[in-house]
Structures are given as C-alpha cells and as structure tokens.
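The lines below spell out each chain.
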Amino acid sequence: MLILWCSNAEHVKQVVLIGYPFAGMWRSAAQQLARQKLDAVGKGKSGGSFPRLRQVVTYQSTANHAAASAQSVERTSELDRGSEFKSGLRFLKPSSPSLSPLDSAFVELVDLLPQCWRSSSAVDFNQDHSKPQSPLPGSDTRAYASAVEADELCDEEIDSKDEDEDDVENFPDDSHGDSALDAEACLEQKMRKKKYRELYKRQVKIETEAWQRAATEYKDLMTEMCRKSLAPNLPFAQSLLLSWFEPLRDGILEEQRAYANREHREHRSMYGPYICQLPADMLAVITMHRLMGLLMSDQEHGCVKVIHAAVVIGEAVEQEVRIFQLMNSKKKSNVAEVNTNSHGDVANEEELEATRQADLKSKKVVRDKVKKLVRQNKLRRVDSILKHASTDEPWNTVIHVKLGSRLLELMLETSFVRAPSSQDGDDFGELRPAFQHKFKNHVLRQNVNRIYGVIECDPLVLAEIDQSVRHMVMPYMPMLVKPLPWKGFYEGGYLYLKSSIMRTQGAKEQRMAVIDTPRKNMKVVVEALNVLGETGWKINKPVLDVVEKLWEAGGGIADLVEASDVPIPEKPSSADKEAWLKWKQAISQAKRTNSERHSLRCDTELKLGVANKLRDEEAFYYPHNLDFRGRAYPMHPHLNHLGNDLCRGLLTFADGKPLGPHGLRWIKIQLANLYGGSVGKMSFNDRAAFAEDHMEDILDSAERPLDGKRFWLTAEDPFQFLAACIDVRDSIASGNPETYVSHLPVHQDGSCNGLQHYAALGRDRIGAQSVNLVAGDKPCDVYSGIAERVKIIMEKDALKNPLTSRNAASARLLQGQIDRKLVKQTVMTSVYGVTFIGARMQILNRLKERSPIAVDPVDTYRAACYAAKVTLDALGEMFKEARCIMSWLGDCARIIAAAGHTVKWTSPLGLPVVQPYRKHSRHLVKTSLQVLALRNSDETHPVLASRQRSAFPPNFVHSLDSSHMMMTALACSKAGLTFAGKCSFVLSRRWLLGPHSLD
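Residues numbered from 1 in each chain as written. Predicted model: local features only at pLDDT ≥ 70, side-chain atom pairs only at ≥ 80, totals over all residues. Heavy atoms only, no water.

Student: Could you clarify how one ought to interpret the overall build of the protein in this entry?
Tutor: Helix and strand counts for the protein come out as 36 helices and 19 strands. Burial status across the protein gives 48% buried among its 999 residues. For the protein, the proportion of contacts with a sequence separation of at least 24, taken over those separated by at least 6, is 72%. (Helix = DSSP H or I, 4+ residues; strand = E, 2+ residues; numbered from the N terminus. Buried < 20%, exposed > 50% of the residue type's maximum accessible area, 1.4 Å probe, protein only. Contact = heavy atoms within 4.5 Å.)

What follows is the structure, encoded as structure tokens:
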C-alpha cells in the first residue's frame, strides 16, 4: 500500500510526486486504512499493526523539518495544486474530538503530505529554461504512441486534476443535509468534467496530428482515385496539392532509402539523419503546405525567398519531429515508470540532479562526436548514434536550411501543372513545372545591389492559390481549452506545440535576460499573460453569414478586397514615346494593385477559414506571449481581436453578462463610436442620442443587412457596427433589455497612447488636454487638431506665387484634401519613430485611395512630400515636450551605444528589455539548392549605434504602454471584468469600462 511506504519526509515527498496523478489512489488507500484500523482496534493491536505510521509519530523532528522547509519557500510561488491536494485529504481526518494514538499519527501524516508537496513544487522562473525541460524519472512525460494511448493519457491528466473533488463527493459525509442538491451538483460536475475531457482530447489531437491527418486525407483520395479509375470531384487548388503529394512523397522516400544505404552525395551526410526522423508522407505535407502558405503571404506576388522558405520548412520539420518522438516514447516511459515504482523506492533529489548533470554532459559528448563523424563521412555510425541519443537539443539554423533546401529541391523536381487545353480539344495542354528556382536582383541603395534566390510559382498556380487557403494546415490554431499557465521561458501556452514566453527573433542576449530574471520579478507579467489567455471567445455566426455572402458575391464591399484583379492595359498602337511611357507606368501600377489584392484575398481566406473551423465551438482561447519590448500578442496570427474590423466583427466573448440598467446605453455609445467621424467625438449623451435617432436604420441593418437600407455600410467599422446592431435588436426583442445576456465586446479607445505617455512624462498640460489626460465634457481629438493646423499652414502657402514659392502648387493641389484621416497614421506613428520617408509614404497611400488630385503622378508625389513635412512640423509645435523627451532619450542611447553597449532597461512591471540591434556577420552555407547567406549576430558583435539611438524612444514608450495594458488586465480581472489584449474590450454586469486601448 502506497501510504505505508512513507517512513520519512523525503519518501512522503516522492510518493506525492509519483502517486498523486493516479486516479483512485487515495480513495483506495483511505478505504484500506479504514478497514485495517477497524480490524486493529478490534484486536487491540493498533500500534503493532501500523509500524510505519508509528514511525511518523516517532519521527516528529522529520515533520518539523518539513514544516520549516515549507515556510522558507515564498508564498507567492506556491502552486494551487498544493491547496487542492490538501483539500482532497480533508476527508481522511477523523471527526471525533478524542483521537487515539493511531488517529493522531494518521492526522500528522495527512498534515505532512501537503507541506512536503509545497516544498517540492516551488518553481523558480530563473532556472535553466534555455531548452525544454526533460521529465523526471517516473513522472508523466505527456507522450503517447497511438490515439488510444493519447486518450488514456488525457484521462490520466484530467482525472489527476479533479481527483480530490471526486474523493470528497464519493466518500460518505453525514454533514451534507440535502442529498438531492448534492446529487444534482455531483451530476453537473461530472458532465462538466466529461465535456472538458472531450475538449482536451480534441486539443491534443489538433496540436499533434494535424500533418498526419492531412497526409492520411491525401492517401485516402489517392486510393479513391485508383479504385474508381477517375479523379475525384475536387476544387482545382485541392486537386493540385493532391497531384503533387504522391510524387513528392516518393522522392522523399527515395532520399531516405539512399541515406539508409549510405549512397553518398553532397550535403546528404548533414541533412540525412534528420530527413529520416519523420515518415515521408508527413514531410511531403509539411513541405507543400509551408511553401504554399509563404506564397500566400508574400510581398513579391508569387515569389518567396529561398532562405526564408528553407528556414520555415526546417523549423516545421523539427517541431513535428519532437511531437512525433513524444508520441512514440510513451511505451518506453511507462515501462521505465513501472520498473522504478516496482522497487518500492525513488531516487532522492541529489541523485536526480546528478542524473540531469550527467545527461547534459553526455549530450555534449554526443554532439561533438556526431560533428566529427559527419566531417569524416562515417554515416553508419552517425545514424546509429542519433537513433539512441536524446533529441532535447534544438537543431541549429544550418540544419534547418540544409534540410529545408533539399525538401524544396524535391518539390521543384516533382511538382507540375498542366496548361489549359485548346478549345478544339486536340491539345490537352503543356505539362510544365509548378515552381521554378530563379535569382533576382535587389537594389539596396545607389550602386549597391544584392542577388538572392527565390522560388517562383507558375501563373496558373498563383491564380488559384488564394482558393487553396482553406485546405492548408494551420498548426497554431486558437485552443479549445484554456492555455497552460506560463511557468518558464518554454513552459506555458500550447499543450504540445513549441511555445516561448517571448519572441526574441534569435536574440540570445534578450532571451538570457528573461531566463535569468527571478520569478518573483516577473510575477505580474506572467499573471497578466495568463489572464489574457484565459479570456474565452466564440464566433459571431450572424456576422459570419453576412461576410460569407458578400465574399461569394465578389467582395468590394465593407472594406473587403475585390475578388477580381484589375485589367492589364493593352499596348499602345502608336510609336509615341510618351504614350509608351504612360503604358509602362500603368502596367506597373496594375501589377502592384493586383499583387496587393492577391495578398489581401489570401488574408481574408485565412480569416474566414479559421472562423468556419471554430464556428460551432462554444469557446476558444488565445495563448499570448510577448515581443522583446513586452507587448502582448496572441500566438495565433490570423483571426484575433487585435486584427482589423473583419476580425473584431467576427468575434464575441464566450461568457456573456446581463446588460443591467446601463448596458443598453453603453451599446448605443459603442454604435456611435464605431460609426466614426465626428459622431465618435461627441459627448456620451449625444452619442447615445445619435443611436436613438437612427434606431430605425439600426434595426433594419440587423433584420436585413443585405436587402435593406444597408445603413451599417456607412460606418467606419462596418462589421463591428453590424454586430452591435444585431445585439441591440436582440436585447430589445427580448422584452427586458436589463436581463438580456450580451456577449458583445465594448471597447474604450485611447487617444494616441504614445503621446499620452509623453505628455504624462513631461507634465505637458497642453499636450495632455489634446490626448484627453485632462477631464472634459467632450473628448478632444488630437488628429483633428493637427489636421486644422496643417490646413491653416497650407491655406497660407496656397496664396503665394508658384513662381517664387515651390510649395504653392502642392498647397493648391491639397485644398479640400486635408482631414483627420489623412494625417491620423502619421500622428500615431510619430511618437514611435516614424521618419519623413515613412510619413511621406503614409500620406501618399491615403491620397491614392481617393480620386486623383493631379493628372501627373509626380505632382501627387510632391504633394505628399509637402504634406508630410507640414504635418511633422505641426506635431512639433503642439507637442514640444514630447519632442524634447524623445531627443533626450535618443541622446542617452547614443552615449550608451558609443561605449559599446546595447541599451537595456527594466519595465515598470519588472520585465528586462534589451535592444537587439547589433552588426551582423554573414555565414555562407552551401545547400543542395544554392549557397545561402545566414545572418549571425551575438553579444560579441559591435552594436549598431544609429539603430540603438533611433529605436530607443519608441521602444521605451512601447514598454510603458504594455505595462499599462497588463496592469489594466489584472485590475479588470480582480474586478470581475472580461479583458482582451491591447484593446480593452471590457464587459461586466455593471458595464464598467477599462481605460486603456489603442486606435
């Protein structure tokens, strides 16, 4: 029996660590103890029948020692599991006030267990988290070898969390008076556990079996084709992927066979051991889907850089290898656990630490030995070593690019597309490569060019690529269960997918700064990330239905991109040079527009694909992590609450709250805010009155969004506005809006947060009034204020003579064009380090969205240059203190960089920030496809002084902004308010709104 082994505190600790996760263990122990106690008391042998328990009484010093060690552990680092464990042992204590010696010994044992548990479960954030931690011997490795074992493991993990509650429910207790209520509560709890268990199993399969499911789907389709002797009725994009799958898989199989047979070829000795660690069908799916995904998000219209594609594919293979090996290591882990427990004893902490140190040393020896054997081309010994070596060490970038390049090369060799057949049917079309490897010349600056390799897809593939989005595998989907709480740099977030608390982009200096920070210093940051990740979401089905119909009709409405490309201009018939020049400019503009539309179409398809996959889920969650400045972002990149109007309109809170007496008023204010323009700058009462005045149009938008007046399309944020219209309609239709349960996120919008921080830092009262840090009846609009200043300056310049003033012509062109929208982006980004070139591009893009202001594009470009200069000058006049602070921060960074150091600081919440800007060295790697130049940057390289100086002011403000957001998240959580991301979507029974948001 397990409890009778606990002869000392160390054994108690180990028994708790090993025995606690197993369902029914304590229940069986309690029953056996109860039976033995009754038998012993009846026979008068209470002391002799329990020699081990008697030792617990004898070894009182052991219990005192355990209690003292528990007090030395900081209370803030205690895990909730310890309290759950102790509550689960309450039923073991006798209720009688007069205790026998046996009962006293047993009570002391029960009190000792949670103390030992707490002393063993305290985890410091500053332990070595530089790589994922290996499981302790005998502990649950969270790995499985089949779907059946996965289900069993999920059951064990879930049961272990709720085991104590089960014991309390099933153990007779006379103190419960109302048995009917207890039975109902018990049944409800069991249903909740069953539901959670099913969701947990689905989440595990989503994270671990995505690539394998895609490979199985392709193989099933191939089998169907062979059985029916014809191609299945598939969309063209999916049939393309299917036609590439089998040849690519066979090519990878041949590569694996060649390595196994030691058929030497250049580079195979380097990537060969790694290409053999996954089945060929999974490698084929990863290569196809990753390449297609990069082509969908490219900025060069059908091209992706070879080095980017190779790294992404190599990293995806490494991640899947780790999951695949975990899946196949469960049996070995179980055997080792049985062997360990069968001896009735467990190694102590010193032995475990010695084992870990020996493992680290052996890994280094293995790594050095493999490198030496690879150089000697002794492939058989390399293969043998890798089969038996641990794979905790991460692959380096050289391995990623060599493996990724070879898989890309196989993709190029095996993927083809057939050109359209002729109309007479005699020609079935030419069979040509679907992808080609080419080199492009990129102009960095005058007389400085750089040639880089790209993978370019065929125009036929490019034409259909946006339709293949919904068939793509997206590993980092929103989670069906709450994310794991962050406990270390690599511990938290997704259950199995690789997760890190910070996106360091390879900057080791920043990563080590976070790892070396004590857990207590990171407590607030970690708690805020956990709060953000625990916010539940669901899809707004009525809005999704409207979006789907608009998208199927061709888009071009409510900020949806057009589904078709702009036509390419035909060549001029005359030989006039000016006509040919204009034709070339029109061709360039049309291609650029089509490229932008292609990217936007792929982005929309990705968002809708995710929304449809999550359509019927009652709740899903977004794990969050940080960038190096401390800003929190969801780890899922496509559909999240930080996205555009489409994303926010498609998402609602999973947990609703009754509107109460003031909720409907706040939704009306939300409607006015989303309508935008001058309406959003009125007082709260005027905004609510605006919604009342347009209630007929609002209800019509909710009832007939496509066939009615379409009032919702006139709003600045149409899809969010439509969602609010539907919520107003439903609350009124309920008959009692106060009891109506609303899921609508209502957000408070900050007034240019960067300027708010600078105004507060500089005690700038004028600037504070402009950004609403000073209370007023109506909100001030800093963007409109800047636009008015710009308009006044341009009106003066327009009166000047164009012959004597070079700005007069541009000022006249811009008459009637200056408004809030034109200058908003420049004002927002001015405090984040926007340069004149960036401001010029922002204003030029806004002007292009409108009707042409000039016949000659050169005049439009000059007008944008003039408007950018005037806008930045107006900003300097209004926010002088902000400019002074920015200059002072820049000077500090210049001095620090001149001394050869990177700029470092600690955010108000204790997060260390290190600017990662150093000079890069180029490391040439010869792959099977081409020679790739890898960037290499570490602490030994000199700092980039100019970059350190220009980036410090915006990065510093970003860190303050993120601290403010996290403090708001924690405050809202304590107040019972739902909070989401950097936009404060806050909803509660009292409808209290958080103060922090970004535009």
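There's plenty left to go through after this.
Student: What's the story with helix 21 (residues 541-552) in this structure? I'm lost.
Tutor: Working note: α-helix, 3.6 residues per turn, so residues spaced by three or four point in the same direction. Over its 12 residues, helix 21 runs 16 Å from end to end, which matches the ideal 16 Å to within 8%, given 1.5 Å per residue. All of the buried residues along helix 21 are Val 543, Leu 544, Val 546, Val 547, Glu 548, Leu 550 and Trp 551. Buried residues along helix 21 sit in contact with strand 9 (536-539), helix 22 (577-613), helix 23 (645-650) and helix 27 (718-733). In the stretch just after helix 21, Gly 554 is the one whose phi turns positive, near 115°. (Expected span 1.5 Å × (residues − 1).)

Student: Please clarify how the pattern of salt bridges should be interpreted in this entry.
Tutor: Side-chain pairs of opposite charge can arise where the charged atoms are in close proximity. Taken as a whole and judged by the stated rule, the model has 35 salt bridges. Residues Arg 406 and Glu 255 are paired through a salt bridge, measuring 2.8 Å at the closest nitrogen-oxygen approach. Remark: Glu 255 occurs in helix 10 (residues 236-260) and Arg 406 occurs in helix 17 (residues 397-414); sequence separation between them is 151 residues. Summarising the burial analysis for this pair, Arg 406 and Glu 255 share the class buried. Residues joined by salt bridges that share partners form a network here, namely Glu 255, Arg 268, Arg 406 and Glu 409. (Salt bridge = Lys/Arg side-chain N within 4 Å of Asp/Glu carboxyl O.)

Student: What should I look at first to understand the side chain of Glu 617 in this one?
Tutor: Here Glu 617 shows up in the loop between helix 22 and strand 10 (620-621). Glu 617 sits in the buried class, given a relative accessible area of 14%. A polar contact of 2.5 Å, which involves the side chain of Glu 617, links it to the side chain of Arg 202. (Polar contact = N/O pair within 3.5 Å; in protein donor to acceptor, adjacent residues only side chain to side chain.)

Student: For this particular structure, what's the right way to read the packing of helix 26 (residues 695-703) against helix 27?
Tutor: For any two helices packed against each other, the geometry is given by the interaxial angle and the distance between the axes. Closest axis-to-axis distance for the helix 26/helix 27 pair is 8 Å, and the angle between their directions is 100°. One way to sum up the angle between helix 26 and helix 27 is to call them roughly perpendicular. For the pair helix 26 and helix 27, contact is made by Met 695, Ile 698, Leu 699, Ser 701, Ala 702 and Glu 703 and by Leu 722, Cys 725, Ile 726, Val 728, Arg 729 and Ile 732, respectively. Tallied by class, residues from the contact of helix 26 with helix 27 come to 9 nonpolar, 1 polar and 2 charged. (Axes fitted to C-alpha atoms, helices over the stretch in contact; angles between N-to-C directions. Parallel < 35°, antiparallel > 145°, perpendicular 65-115°, else oblique. Nonpolar A, V, L, I, M, F, W, Y, C, P; charged D, E, K, R; others polar.)

Student: Help me understand unusual backbone geometry in this model?
Tutor: Peptide bonds are trans in most cases, and residues, glycine excluded, mostly fall at negative phi. A positive phi angle, close to 55°, is found at Cys 752, a residue other than glycine. Relative to the helices and strands, Cys 752 resides in the loop between strand 15 (741-742) and helix 28 (753-761). Residue class for Cys 752 comes out buried when judged on its relative accessible area of 3%. In the Ramachandran plot, Arg 763 falls in the positive-phi region, its phi being about 50° despite a non-glycine side chain. Mapped onto the elements of the fold, Arg 763 is located in the loop between helix 28 and helix 29 (765-770). Residue Arg 763 is classed as exposed on the basis of its relative accessible area, which comes to 70%.

Student: Help me understand the environment of Arg 687, please; the structure alone is not making it clear to me.
Tutor: With respect to the secondary-structure elements, Arg 687 resides in helix 25 (residues 684-693). Along the chain, Arg 687 and Gln 670 lie 17 residues apart, while their C-alpha atoms are 8.5 Å from each other. Here Arg 687 is in contact with Lys 668, Ile 669, Ala 672, Asn 673, Val 679, Gly 680, Met 682 and Pro 779, once residues within four sequence places are set aside.

Student: Which parts of the structure should I look at to understand the nonpolar core?
Tutor: As a rule of thumb, soluble globular proteins bury nonpolar side chains together. Within the largest apolar cluster, 84 residues are counted, with the highest numbers of intra-cluster contacts made by Val 782, Ile 786, Met 794 and Leu 814. Discounting chain neighbours no more than four positions away, the residues touching Leu 814 are Met 794, Leu 847, Ile 853, Ala 863, Tyr 866 and Ala 867. (Core = buried A, V, L, I, M, F, W, Y, C linked by side-chain atoms within 4.5 Å.)

Student: Would you mind going over the pairing of strand 11 (residues 624-627) with me for this structure?
Tutor: Side chains on a regular strand alternate between the two faces of the sheet. By the bridge criterion, 2 bridges tie strand 8 (residues 502-503) to strand 11 in an arrangement that is parallel. Paired with Met 502 across the strands is Leu 626, a residue of strand 11. Pairing of strand 11 with strand 12 (residues 632-634), which is carried by 3 bridges, proceeds in the antiparallel orientation. Paired with His 624 across the bridge in strand 12 is Pro 634. Where strand 11 folds back on strand 12, the antiparallel hairpin that results is connected by 4 residues, among which Gly 630 adopts a positive phi of roughly 100°. (Pairing = 2+ DSSP bridges.)

Student: Just checking my understanding: could you explain helix 36 (residues 945-974) for this structure?
Tutor: Taking 1.5 Å per residue, 30 residues should reach 44 Å; helix 36 reaches 43 Å between its end C-alpha atoms and fits that length. At Phe 952, helix 36 is deflected by roughly 45°, the largest bend along its length, and proline Pro 953 occurs up to four residues later in sequence. In the segment just after helix 36, Gly 976 is the residue with positive phi, at about 80°. (Bend = angle between axes of the 7 residues up to and from the residue.)

Student: Would you mind showing me how to read the sheet that holds strand 8 here?
Tutor: Strand-to-strand pairing in sheets goes through backbone hydrogen bonds, with the strands running parallel or antiparallel. Strand order in the open sheet made by the 3 strands is 8-11-12, with mixed pairing throughout. Either end of the sheet is taken by a strand with one partner, and the two such strands are strand 8 and strand 12. Sheet strands touched by helix 20 (residues 523-533): strand 11 and strand 12. Its angle to strand 11, the strand with the most contacts, is close to 135°.

Student: Explain the packing of aromatic side chains to me, please; I cannot follow it from the model alone.
Tutor: Taken as a whole, this structure holds 18 aromatic pairs when the rule is applied. A ring pair is formed by Tyr 675 and Phe 721, whose centres lie 5.9 Å apart and whose planes are at 55°; its orientation type is tilted. On the criterion of sequence distance, the pair formed by Tyr 675 in helix 24 (residues 663-675) and Phe 721 in helix 27 is long-range, its members being 46 residues apart. Clustering of aromatic rings is evident, with ring pairs tying together Tyr 675, Phe 690, Phe 711 and Phe 721. Between Lys 824 and the ring centre of Tyr 783, over which it is positioned, the NZ or CZ distance is 5.6 Å. In this structure, Arg 947 packs its charged tip against the face of Tyr 917, placed 4.4 Å from the ring centre. (Phe/Tyr/Trp six-rings, centres within 6.5 Å; stacked < 30°, edge-to-face > 60°. Lys NZ or Arg CZ within 6 Å of the ring centre and 35° of its normal.)

Student: What exactly am I supposed to notice about the sheet that holds strand 9 here?
Tutor: Taken in spatial order, the 3 strands make up an open sheet running 10-9-13, and their pairing is antiparallel. What marks the edges here is a single partner per strand, and that holds for strand 10 and strand 13 (651-653). Pairing geometry for strand 9 and strand 10, over 2 bridges, is antiparallel. Among the inter-strand pairings, Trp 537 is bridged to a residue of strand 10, identified as Phe 620.

Student: Explain a positive patch on the surface here, please?
Tutor: Taken together, Lys 305, Arg 450, Arg 922 and Arg 935 make up a surface patch of like positive charges. Along the polypeptide, Arg 922 turns up in strand 18 (residues 921-926). The exposure class of Arg 922 is exposed, given its relative accessible area of 58%. (Patch = residues over 30% accessible without salt bridge, like charges linked within 9 Å, V, L, I, M, F, W, Y side chains within 5 Å. Areas by Shrake-Rupley, 256 points an atom, 1.4 Å probe, with all protein chains shown as cover. Lys, Arg positive; Asp, Glu negative; His and termini not counted. Charge placed at Lys NZ, Arg CZ, Asp CG, Glu CD.)

Student: What is the right way to read the side chain of Thr 208 from this model?
Tutor: With respect to the helices and strands, Thr 208 occurs in helix 8 (residues 179-208). Engagement of the side chain of Thr 208 in a polar contact is seen with the backbone oxygen of Val 204, the distance being 2.7 Å.

Read these as layout, nothing more, since geometry by itself doesn't imply function.
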